[in-house]
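# Structure assessment
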Amino acid sequence: MSHSTVPRSSAEAGPPTRPPVASADATGTRDRPRPGKLDLRLRFRRDRVLILMTLPAVVLLLVFNYLPILGNVVAFQDYDPYISDNGIVSILHSPFVGLENFQRIFQDADFWSAVRNTLVLFFLQLVLFFPVPILLALLINSVVRPRVRAVAQAVLYLPHFFSWVLVIAVFQQMFGGAGMLAQLLRQHGYDGFDLMTDPHTFPLLVTAQSVWKDAGWGIIVFLAALASVPQDLYEAAAMDGAGRRRRMWHVTLPALRPVIALLLVLRVGDALTVGFEQILLQRDAVGPDAGEILDTFVWWHGVRNQDFGYAAAAGLIKGVVSIGLVLAANKVAHLMGEQGVYKK
């Protein structure tokens, strides 16, 4: 019996041979990388315009923000800027004293008084100043007429452009010993008052000045967050019978929660910086016991007394504590389910 000449099927013909894998295509380029993992060279070519646009900002940030960090070595020296006209030469030739400046700081009662005043001002501004922009933003957002809303926002935002000299001058004319309110009380037979020189009310005075000047800036941030809330959520809540208060509680405030958490973390990180220029202009009026904060403490010892190593040590302590506060506050934001400054 003769064998059949019908060709075998592909299953019987044995395993198929793999086509050769070319190491390069017709243009000479290698195989493309896997999706999502671009080569560094390809990413640079793709984003070269954006990189060139951000390069000046990066250079300025490095020169004016990160390069001066190297000057913290002065905190461990008895720095003398008059050794040479070149600041770098002065640092290299100033004697090292180790932790002597830090030991002096921790034994200085004036330093702890400045820390206490700084923390008091921070907690007052956190409780009294931080909620004000949120409440004003909610109030302005509830106004129906766009013209009235724009005028209210402009009036509240205008003091942000005033300098601290002008702000303090306005408060002096209102609440000073020769101010309008004190003269009005004297005309009606009452004793006048001078809030600008009273050390007991000084923290409240500083907080009121900050609210009047900078509340308008915070309103812009929260109004931008409110503009991103979909109107469908308000309509759905209204159809379910929710009134204005319940819509604000269940729709508006949850939409503001990420922004509030972010600004709160940044505010906590800025706890030890409560307004250098504002306090410095009023420090002599109330005395250093009530008007000395960490920034003015560093300025007084570094610039006025020219004890640069001592002032640098105080500034370094402030920076390290501020970093710790940012990390701690950001961790709390993560525990609350918010992103904070950076993701986990």
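The rules behind the values
- Residues numbered from 1 in each chain as written.
- Predicted model: local features only at pLDDT ≥ 70, side-chain atom pairs only at ≥ 80, totals over all residues.
- Heavy atoms only, no water.
- Axes fitted to C-alpha atoms, helices over the stretch in contact; angles between N-to-C directions.
- Helix = DSSP H or I, 4+ residues; strand = E, 2+ residues; numbered from the N terminus.
- Parallel < 35°, antiparallel > 145°, perpendicular 65-115°, else oblique.
- Left-handed = near helix turned anticlockwise from the far one by under 90°.
- Contact = heavy atoms within 4.5 Å.
- Nonpolar A, V, L, I, M, F, W, Y, C, P; charged D, E, K, R; others polar.
- Polar contact = N/O pair within 3.5 Å; in protein donor to acceptor, adjacent residues only side chain to side chain.
- Core = buried A, V, L, I, M, F, W, Y, C linked by side-chain atoms within 4.5 Å.
- Buried < 20%, exposed > 50% of the residue type's maximum accessible area, 1.4 Å probe, protein only.

### Remarks on the packing of helix H5 (residues 109-129) against helix H12 (residues 244-269)
Axis separation between H5 and H12 bottoms out at 11 Å; the angle between their running directions is 165 degrees. Taken together, the axes of H5 and H12 are roughly antiparallel relative to one another. Of the two elements, H5 crosses H12, and the hand of that crossing is right-handed. Taking contact as the criterion, the partners of Phe122, Gln125 and Leu126 in H5 are, on H12, Leu264, Arg267 and Val268. Of the residues assigned to the contact of H5 with H12, the class counts are four nonpolar, one polar and one charged.

### Details of the packing of helix H13 (residues 276-286) against helix H15 (residues 294-304)
Following both chains from N to C, one finds H13 and H15 inclined at 65 degrees, their axes separated by 9 Å at the closest point. Here H13 lies roughly perpendicular to H15, going by the angle between them. Crossing handedness for the pair H13 and H15: right-handed. Of the residues in H15, those touching H13 at Phe276, Ile279, Leu280 and Arg283 are Asp295, Thr296, Trp299 and Trp300. For the contact of H13 with H15, a count of residues per class yields five nonpolar, one polar and two charged.

### A look at the side chain of Asn117
If you trace the backbone, Asn117 turns up in helix H5. Here Asp289 takes part through its backbone oxygen, which lies 3.0 Å from a polar atom of the side chain of Asn117.

### Some details on the nonpolar core
If you look at the biggest cluster of nonpolar residues, it comprises 17 residues, and the most contacted ones within it are Ala75, Phe102, Ile105, Phe111, Leu294 and Phe297. For this core, the elements supplying multiple residues, two or more each, are helix H4 (100-106), H5, H15 and helix H16 (308-335). When sequence neighbours within four positions are dropped, the list of residues in contact with Ala75 reads Gly98, Asn101, Phe102, Gly309, Ala312, Ala313 and Leu316. Judged by nonpolar contacts, the second largest core, of 14 residues, contains Phe122, Phe202, Val265 and Val286.

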